[in-house]
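What follows is each chain in one-letter form.
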Amino acid sequence: MDSLQPDIDVDVTIRIWDVIWDVPPAPPADAEGHVAISIESETGFLVVNQLGLGPAGEMTLPRPGVYEGQAWWANRRAVADYYGTVLDQLTDDAPEGRLIEAWSNCPVTERYVLDLAYTREPEPVDEDP
């Protein structure tokens, strides 16, 4: 579920259902894809990482534990196509800052949503060497 481009900002939304009997909703009809996910956090913190760049953000979960649900995405292909078109049209004599301006003016937003529900306590960590 990686972005298909490395430079344009994406929107990441994380929605948590903290009650065991709540079920995350199905992905919307316009979602390009989805995948089942499971996240276990012994500390109750969730860090969103950028590949090769490190943390992009973090949040405190309602409580430590295992959260299961799905991730879905939209506009992934459209932003990748825009990215490729901009690079194809870029000339050697383009003004400085042209790429930054192009990335800032992308006509659509690549979006990822994680819909998660708390399912159980985390597994204990064995601290013996």
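Scope of this entry: the structure provided in the associated data block. (Residues numbered from 1 in each chain as written. Predicted model: local features only at pLDDT ≥ 70, side-chain atom pairs only at ≥ 80, totals over all residues. Heavy atoms only, no water.)

Position of Thr-91 among the secondary structure elements: in the loop between α1 (76–89) and α2 (98–104). Between the C-alpha atom of Thr-91 and that of Trp-73, which follows or precedes it by 18 residues, the distance is 32 Å. Looking at Thr-91, its side chain comes within polar contact range of the side chain of Asp-93, at 2.6 Å. (Helix = DSSP H or I, 4+ residues; strand = E, 2+ residues; numbered from the N terminus. Polar contact = N/O pair within 3.5 Å; in protein donor to acceptor, adjacent residues only side chain to side chain.)

With that out of the way, let us pick up the layout of surface pockets. Taken as a whole, the largest pocket spans an internal volume of roughly 890 Å³. Along the wall of the largest pocket there are 25 residues; nearest its centre are Val-10, Val-12, Val-48, Asn-49 and Gln-50. Where the lining of the largest pocket is concerned, the elements lending two or more residues are β1 (10–17), β3 (45–50), β4 (54–60) and β6 (110–120). For the lining of the largest pocket, the leading source of residues is β3, giving five residues. Its residues assigned to classes, the lining of the largest pocket comprises 16 nonpolar, five polar and four charged. (1 Å grid on protein atoms, 1.4 Å probe; cavity = no way out; pocket = protein on both sides within 12 Å on 5 of 7 lines; lining within 4 Å. Points joined across faces, edges and corners; volume = space filled by probe spheres on them. Nonpolar A, V, L, I, M, F, W, Y, C, P; charged D, E, K, R; others polar.)

The final tally for this structure, using the stated rule, is two aromatic pairs. Residues Tyr-67 and Tyr-118 carry aromatic rings whose centres are separated by 5.4 Å and whose planes lie at 75° to one another, so their mutual orientation is edge-to-face. Here Tyr-67, found in strand β5 (residues 65–74), pairs with Tyr-118, found in strand β6; they are 51 residues apart in sequence, far enough to count as distant. Classification of Tyr-67 by relative accessible area gives buried; the value is 1%. The exposure class of Tyr-118 is buried, given its relative accessible area of 6%. Between Tyr-83 and Trp-103 the ring centres are 4.7 Å apart and the planes differ by 20°, which places this aromatic pair in the stacked class. Remark: Trp-103 occurs in helix α2 and Tyr-83 occurs in helix α1; sequence separation between them is 20 residues. You can call Trp-103 buried: its relative accessible area is 13%. Sitting above the plane of the Tyr-118 ring, Arg-63 keeps its charged end 3.5 Å from the centroid. (Phe/Tyr/Trp six-rings, centres within 6.5 Å; stacked < 30°, edge-to-face > 60°. Buried < 20%, exposed > 50% of the residue type's maximum accessible area, 1.4 Å probe, protein only. Lys NZ or Arg CZ within 6 Å of the ring centre and 35° of its normal.)

Let us now look at the sheet that holds strand β2 (residues 33–41). Strand-to-strand pairing in sheets goes through backbone hydrogen bonds, with the strands running parallel or antiparallel. Across the sheet, which stays open at both edges, the four strands sit in the order β1-β6-β5-β2 with mixed pairing between neighbours. Looking at which strands have only one partner, the edges of the open sheet turn out to be β1 and β2. The sheet shows a mean angle of 20° between the axes of neighbouring strands, taken without regard to direction. (Pairing = 2+ DSSP bridges. Axes fitted to C-alpha atoms, helices over the stretch in contact; angles between N-to-C directions.)

The next thing to look at is the side chain of Ser-41. One can find Ser-41 in strand β2. Judged by its relative accessible area of 6%, Ser-41 is buried. Reaching out from Ser-41, the side chain makes a polar contact with the backbone nitrogen of Gly-44 at a distance of 2.8 Å. Separated by 3.0 Å, the side chain of Ser-41 and the backbone oxygen of Phe-45 make a polar contact. Beyond its immediate stretch of four places on either side in the chain, Ser-41 contacts Leu-61, Pro-64, Gly-65 and Pro-122. (Contact = heavy atoms within 4.5 Å.)

Below, the discussion takes up the environment of Ala-29. With respect to the helices, strands and loops of the structure, Ala-29 is situated in the loop between β1 and β2. A relative accessible area of 88% places Ala-29 in the exposed class. For the pair Ala-29 and Val-10, spaced 19 residues apart in the sequence, the C-alpha separation amounts to 20 Å.

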